[in-house]
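Report on the structure
Chain by chain, the residues:
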Amino acid sequence: MSLFLVLFVLGVAWVLVVSCRALLAGRRSGRGPVVTWQLLQVVGSFAAIGSGTGLSVPGGWVTLLIAVAVGVLLMTPSVVAATSATGSEN
């Protein structure tokens, strides 16, 4: 089970790194996985906030704020324009 979790986390990290590189290169293919990850972060932060114990509550709020900020910034007109240029790489 531990091996599966390690491989799964490494796979998710790889997808996010590739997605971030695509966004930096101006390709729209990176937006979907990053937005999906932010939505999963929102769900996880609600679980942490709802637990109401220890450091998980402030950590949940920080995670929620970062996830919402990144999600909103990914949808700003300047980012959408920068990653929606027509060309053979898209």
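A brief structural summary. (Residues numbered from 1 in each chain as written. Predicted model: local features only at pLDDT ≥ 70, side-chain atom pairs only at ≥ 80, totals over all residues. Heavy atoms only, no water.)

1. Some thoughts on the packing of aromatic side chains
Enumeration according to the criterion identifies 1 aromatic pair in this entry. Residues F4 and F8 carry aromatic rings whose centres are separated by 6.0 Å and whose planes lie at 25 degrees to one another, so their mutual orientation is stacked. On the criterion of helical spacing, the pair formed by F4 and F8 is a turn pair, its members being 4 residues apart in helix α1 (residues 2–24). (Phe/Tyr/Trp six-rings, centres within 6.5 Å; stacked < 30°, edge-to-face > 60°. Helix = DSSP H or I, 4+ residues; strand = E, 2+ residues; numbered from the N terminus.)

2. A closer look at helix α2 (residues 31–51)
With 21 residues, α2 should cover 30 Å at 1.5 Å per step; its first-to-last C-alpha distance of 30 Å lies within 8% of that length. Of all the residues in α2, the buried ones are R31, V34, Q38, V42, S45, A48 and I49. Down the axis, α2 shows its buried residues gathered within 130 degrees of arc, on one side only. In this structure, α2 carries L39, V43, F46, A47 and G50 as exposed residues pointing more than 90 degrees from its buried face. Structurally, α2 contributes buried residues whose contacts are with α1, α3 (56–74) and α4 (77–82). (Expected span 1.5 Å × (residues − 1). Buried < 20%, exposed > 50% of the residue type's maximum accessible area, 1.4 Å probe, protein only. Arc of directions from axis to C-beta. Contact = heavy atoms within 4.5 Å.)

3. What about the packing of α1 against α2?
Packing of α1 against α2 leaves a shortest axis separation of 8 Å and a crossing angle of 130 degrees. One finds that α1 runs oblique with respect to α2. In this structure, the crossing between α1 and α2 has a hand that is left-handed. Along its contact with α1, which presents V12, V15, L16, S19 and L23, the element α2 presents R31, P33, V34 and W37. Class assignment of the residues belonging to the contact of α1 with α2 gives a composition of 7 nonpolar, 1 polar and 1 charged. (Axes fitted to C-alpha atoms, helices over the stretch in contact; angles between N-to-C directions. Parallel < 35°, antiparallel > 145°, perpendicular 65-115°, else oblique. Left-handed = near helix turned anticlockwise from the far one by under 90°. Nonpolar A, V, L, I, M, F, W, Y, C, P; charged D, E, K, R; others polar.)

4. Observations regarding the packing of α2 against α3
The geometry of α2 relative to α3 is characterised by a closest axis approach of 8 Å and an angle of 155 degrees between their N-to-C directions. Here α2 lies roughly antiparallel to α3, going by the angle between them. Considering only the axes of α2 and α3, their crossing is left-handed. Counting all contacts with α2, which are made through R31, V34, V35, Q38, Q41, V42, S45, F46, A48, I49 and S51, the residues of α3 involved are S56, V57, G60, W61, T63, L64, I66, A67, V68, V70, G71 and L74. Grouping the amino acids of the contact of α2 with α3 by side-chain chemistry returns 14 nonpolar, 8 polar and 1 charged.

5. A word on the environment of G60
On the secondary structure map, G60 appears in helix α3. On the accessibility criterion, G60 (2% relative accessible area) is buried. Sequence spacing of G60 and V42 is 18 residues, and the spatial spacing of their C-alpha atoms is 8.7 Å. Discounting residues that sit within four places of it in the chain, G60 has contacts with S45, A48 and I49.

Just distances and angles here, no functional claims.
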